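For reference, the chains in residue letters:
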Amino acid sequence: MMNSNQNELTFWDHLDLLRGTIIRCLAAVLVCSVATFCLKDWLFALLFAPSSNDFVIYRLLGTAPFDIRFINTELASQFMVHIEVSLLAGFVLASPYILIEIYRFIAPGLYENEQRHSVGITVFAVLLFITGVVLTYFIIFPFAFRFLATYQVNNLVVNQISLKSYISTLLILSLMMGLLFEMPVFALVLSRLGLISATVLRHYRRHAIVVLVVLSAIITPTGDAFTLLLVSLPLYLLYEFSIMIIKK
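Please read these numbers as outputs of a predicted model, since none were measured by experiment. (Residues numbered from 1 in each chain as written. Predicted model: local features only at pLDDT ≥ 70, side-chain atom pairs only at ≥ 80, totals over all residues. Heavy atoms only, no water.)

## Focus on the packing of aromatic side chains
We describe a pair of aromatic rings using the distance from one ring centre to the other and the angle between the two ring planes. Going through the model one piece at a time under the given rule, you end up with 15 aromatic pairs. Their ring planes at 75° and their centres at 5.4 Å tell us that Phe141 and Tyr166 sit as a pair that is edge-to-face. Here Phe141, found in helix α6 (residues 112–150), pairs with Tyr166, found in helix α7 (residues 163–180); they are 25 residues apart in sequence, far enough to count as distant. Accessibility classification places Phe141 together with Tyr166 in one group, the buried group. Each ring, one from Phe145 and one from Tyr166, has its centre 5.2 Å from the other, and the planes form 80°; the classification is edge-to-face. Pair noted here: Phe145 is in helix α6 and Tyr166 is in helix α7, with a separation of 21 residues, a long-range link. On the basis of relative accessible area, Tyr166 is assigned to the buried category, the value being 2%. (Phe/Tyr/Trp six-rings, centres within 6.5 Å; stacked < 30°, edge-to-face > 60°. Helix = DSSP H or I, 4+ residues; strand = E, 2+ residues; numbered from the N terminus. Buried < 20%, exposed > 50% of the residue type's maximum accessible area, 1.4 Å probe, protein only.)

## A few points about the pattern of salt bridges
Enumeration over the complete set of coordinates arrives at five salt bridges. Residue Glu101 pairs with Arg24 through a salt bridge whose shortest N-O separation is 3.1 Å. Of this pair, Glu101 sits in helix α5 (residues 77–106) while Arg24 sits in helix α2 (residues 11–38), and the two are 77 residues apart along the sequence. With relative accessibility at 36%, the residue Arg24 sits in the partly exposed group. (Salt bridge = Lys/Arg side-chain N within 4 Å of Asp/Glu carboxyl O.)

## Structural notes on helix α8 (residues 183–192)
Taken residue by residue, α8 has Met183, Pro184, Val185, Ala187, Leu188 and Ser191 as its buried positions. After α8 finishes, the residue Gly194 shows a positive phi value of roughly 80°.

## Remarks on the packing of α5 against α7
One way to put it is that α5 packs onto α7 with a least axis distance of 11 Å and a crossing angle of 10°. Taken together, α5 and α7 sit at an angle that is classed as roughly parallel. Mapping the contact onto sequence places Ser77, Gln78, Val81, Val85, Leu88 and Phe91 in α5 and Leu163, Lys164, Ile167, Leu171 and Leu175 in α7. Looking at the contact of α5 with α7, its residues break down into eight nonpolar, two polar and one charged. (Axes fitted to C-alpha atoms, helices over the stretch in contact; angles between N-to-C directions. Parallel < 35°, antiparallel > 145°, perpendicular 65-115°, else oblique. Contact = heavy atoms within 4.5 Å. Nonpolar A, V, L, I, M, F, W, Y, C, P; charged D, E, K, R; others polar.)

## Examining the nonpolar core
Membership of the largest hydrophobic core comes to 22 residues, with the highest contact counts inside it found for Phe44, Leu47, Val85, Phe145 and Ile167. Those elements that place two or more of their residues in this core are α3 (40–48), α4 (56–61), α5, α6 and α7. Top element by residues in this core is α7. It accounts for five residues. Leaving out residues up to four positions away in the same chain, Leu47 has contacts with Val85, Tyr166, Ile167, Leu170 and Leu171. Core analysis: the next-biggest nonpolar cluster, separate from the first, contains 18 residues, Leu180, Leu212, Val231 and Leu238 among them. (Core = buried A, V, L, I, M, F, W, Y, C linked by side-chain atoms within 4.5 Å.)

## What about the side chain of Ser33?
Among the structural elements, Ser33 can be located in helix α2. Contact partners of Ser33, with chain neighbours within four places excluded, come to Ser86, Leu87 and Gly90.

## Overview of a nonpolar patch on the surface
A contiguous nonpolar surface patch, about 580 Å² in accessible area, is contributed by Val56, Leu60, Leu61, Ile130, Val134, Phe138 and Ile139. Considering each element in turn, the nonpolar patch owes the most residues, four residues, to α6. Within the secondary structure, Leu61 is located in helix α4. On the basis of relative accessible area, Leu61 is assigned to the partly exposed category, the value being 49%. (Patch = residues over 30% accessible without salt bridge, like charges linked within 9 Å, V, L, I, M, F, W, Y side chains within 5 Å. Areas by Shrake-Rupley, 256 points an atom, 1.4 Å probe, with all protein chains shown as cover.)

In structure tokens form, the structure reads like this:
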């Protein structure tokens, strides 16, 4: 049964509720961003961990040691990177709260059975986003970074990675993978609306693979084939997972 109070709200009431939701979401991002900005040493130790020989994935695989040097060539670059990283980290930390606020906004307009399903879907979406970010941080980015940072066309050419290049690659890749990992959620919602089915997804599997490769190329800042493969493979597996959950 739909909440009766929803029918009593006017357009302006809905607008006020939406404004309140947006303000609370922005406030959450701001608070989290300020907190991460103040924790600069901890934040950047976390970000630079994949560039160290002691990073967990390198130790587990027993990879050969490597030495990477970072440089900064712009006067205000380090400060601006600190701000950008803090804002993005604040958004990531606040994302579960943002999803809860979005759910609270739309829930009164849903039927009871839809509310039950939407809670599960919201939790599922948060877990998938976190999984995409974690997979990127521990697997995709370290392998891509180590391969590209140590690759040389000649011993005369020494790699010195710019701060902005390293940070932007890590953050953009993590954020985009987190969003693309929501693919099963979108598939589940569209199937509930009767717009797609497992049969349709299987029929267009080849087309989907091409689209996923193109998306991987777009979100891969480095543009190399190795990173493209690392990004494309989990997205294809998510496509197959989407077919599985729709069938159920």
